[in-house]
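Fold and contact review
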Amino acid sequence: LTSAFRAMTASVAARDQMTANFLAQDAMEYVRNVKDNNVLNKDENGPLNALNTCTAINKCYVNTLNTDQENAIDKGCQEQLSEECHLYKTSTGRFTYDPTGNQPTNFYRSFYLTNITAVSARAVVDVVWQTGAYDIATTTLQNDLYYVVK
């Protein structure tokens, strides 16, 4: 019985780790897409428009279900487990920050940028989740964003 319990616990932990990795990748792809669209559309506010206010001190959340990048990214994730960063699961299995009619999960996601050079920035996505009554787990994904300013 003890072995079965340990196997089940390990299975749940592996599932949560895989979900967290997916959520981090999902947010990173959205951030990269915003930067790429800004470059392609020659955004007058620069390639990091809608992203550059997201810093390590003022972390943001990104609702990847929202196709309007101006409304998909917002500040408010100051604490690791702040309600603004709490993800909910829709009836179709997608993740959103909207609690209305959706199931709460144990995942919280935020991102921020740090400048590296005049033509690059590092995007950092953090996904935090509760693995049990007290344990907190974290996965972090980093990616350097390069752009040419003309």
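Above this text you will find the structure in question.
Scoring rules and cut-offs
- Residues numbered from 1 in each chain as written.
- Predicted model: local features only at pLDDT ≥ 70, side-chain atom pairs only at ≥ 80, totals over all residues.
- Heavy atoms only, no water.
- Core = buried A, V, L, I, M, F, W, Y, C linked by side-chain atoms within 4.5 Å.
- Buried < 20%, exposed > 50% of the residue type's maximum accessible area, 1.4 Å probe, protein only.
- Helix = DSSP H or I, 4+ residues; strand = E, 2+ residues; numbered from the N terminus.
- Contact = heavy atoms within 4.5 Å.
- Disulfide = S-S within 2.5 Å.
- Salt bridge = Lys/Arg side-chain N within 4 Å of Asp/Glu carboxyl O.
- Pairing = 2+ DSSP bridges.
- Phe/Tyr/Trp six-rings, centres within 6.5 Å; stacked < 30°, edge-to-face > 60°.

Structural notes on the nonpolar core
Counting residues in each nonpolar core, the largest one holds 33 residues, and the members touching the most others are Leu-48, Leu-51, Ile-73, Phe-107, Phe-111, Val-125 and Val-127. At the level of elements, α1 (2-40), β1 (60-62), β5 (103-117), β6 (120-130) and β7 (136-146) are the ones that each hand at least two residues to this core. In this structure, Ile-73 is in contact with Tyr-30, Val-34, Ala-50, Leu-51, Cys-54, Cys-60, Tyr-61, Val-62 and Phe-111, ignoring residues within four places of it in sequence.

Comments concerning the state of the cysteines
For the coordinates displayed, the defined rule picks out two disulfides. Sulfur-sulfur distance for the disulfide between Cys-54 and Cys-60 comes to 2.0 Å. Because the torsion about its S-S bond is -95 degrees, the bridge between Cys-54 and Cys-60 counts as left-handed. Given a relative accessible area of 1%, Cys-60 falls into the buried group. Through a disulfide, Cys-77 is tied to Cys-85; the S-S separation comes to 1.8 Å. Using a relative accessible area of 1% as the deciding quantity, one classes Cys-85 as buried. By sequence order of its bonded cysteines, the protein chain has the disulfide arrangement 1-2, 3-4.

A closer look at the side chain of Lys-35
With respect to the element layout, Lys-35 can be found in helix α1. Aside from chain neighbours lying at most four places away, what touches Lys-35 is Pro-47, Leu-48, Leu-51, Leu-145, Tyr-146 and Tyr-147.

A look at the pattern of salt bridges
For the coordinates displayed, the defined rule picks out five salt bridges. When the shortest N-O distance is used, the salt bridge between Lys-35 and Asp-36 registers 2.8 Å.

Describing the pairing of β6
Put simply, side chains in a regular strand alternate between the two faces of the sheet. Counting buried residues in β6 gives nine out of 11 residues, a clear majority hidden from the surface. The pairing of β5 with β6 spans 10 bridges and is classified as antiparallel. Opposite Tyr-112, over in β6, you have Val-124 as the bridge partner. Hairpin remark: β5 followed by β6, antiparallel, with two residues in the connecting loop. In the sheet, β6 pairs with β7 via 11 bridges, with the strands oriented antiparallel. Bridge pairing in β7 places Gln-130 opposite Ile-136.

Concerning unusual backbone geometry
For Lys-42, which is not glycine, the phi torsion reads 50 degrees and is therefore positive. Note that Lys-42 resides in the loop between α1 and β1. Phi angles above zero are rare outside glycine, and Ala-50 is one such case at about 80 degrees. Summarising the element assignment, Ala-50 is placed in the loop between α1 and β1.

Some thoughts on the side chain of Asn-38
Among the structural elements, Asn-38 can be located in helix α1. According to the relative accessible area criterion, Asn-38 is buried, its value standing at 4%. If we skip the residues at most four places from it in the chain, Asn-38 touches Asp-43, Gly-46, Pro-47, Leu-48, Asn-49 and Gln-69.

Comments concerning the packing of aromatic side chains
Following the criterion strictly, the structure yields three aromatic pairs and no others. Judged by centre distance (6.4 Å) and plane angle (90 degrees), the rings of Phe-95 and Phe-107 are edge-to-face. Of the two residues, Phe-95 sits in strand β4 (residues 95-96) while Phe-107 sits in strand β5, which places them 12 residues apart along the sequence. Per residue, the accessibility class of Phe-95 equals that of Phe-107, and both read buried. Among the aromatic side chains, those forming a connected cluster through ring pairs are Phe-95, Phe-107 and Trp-129.

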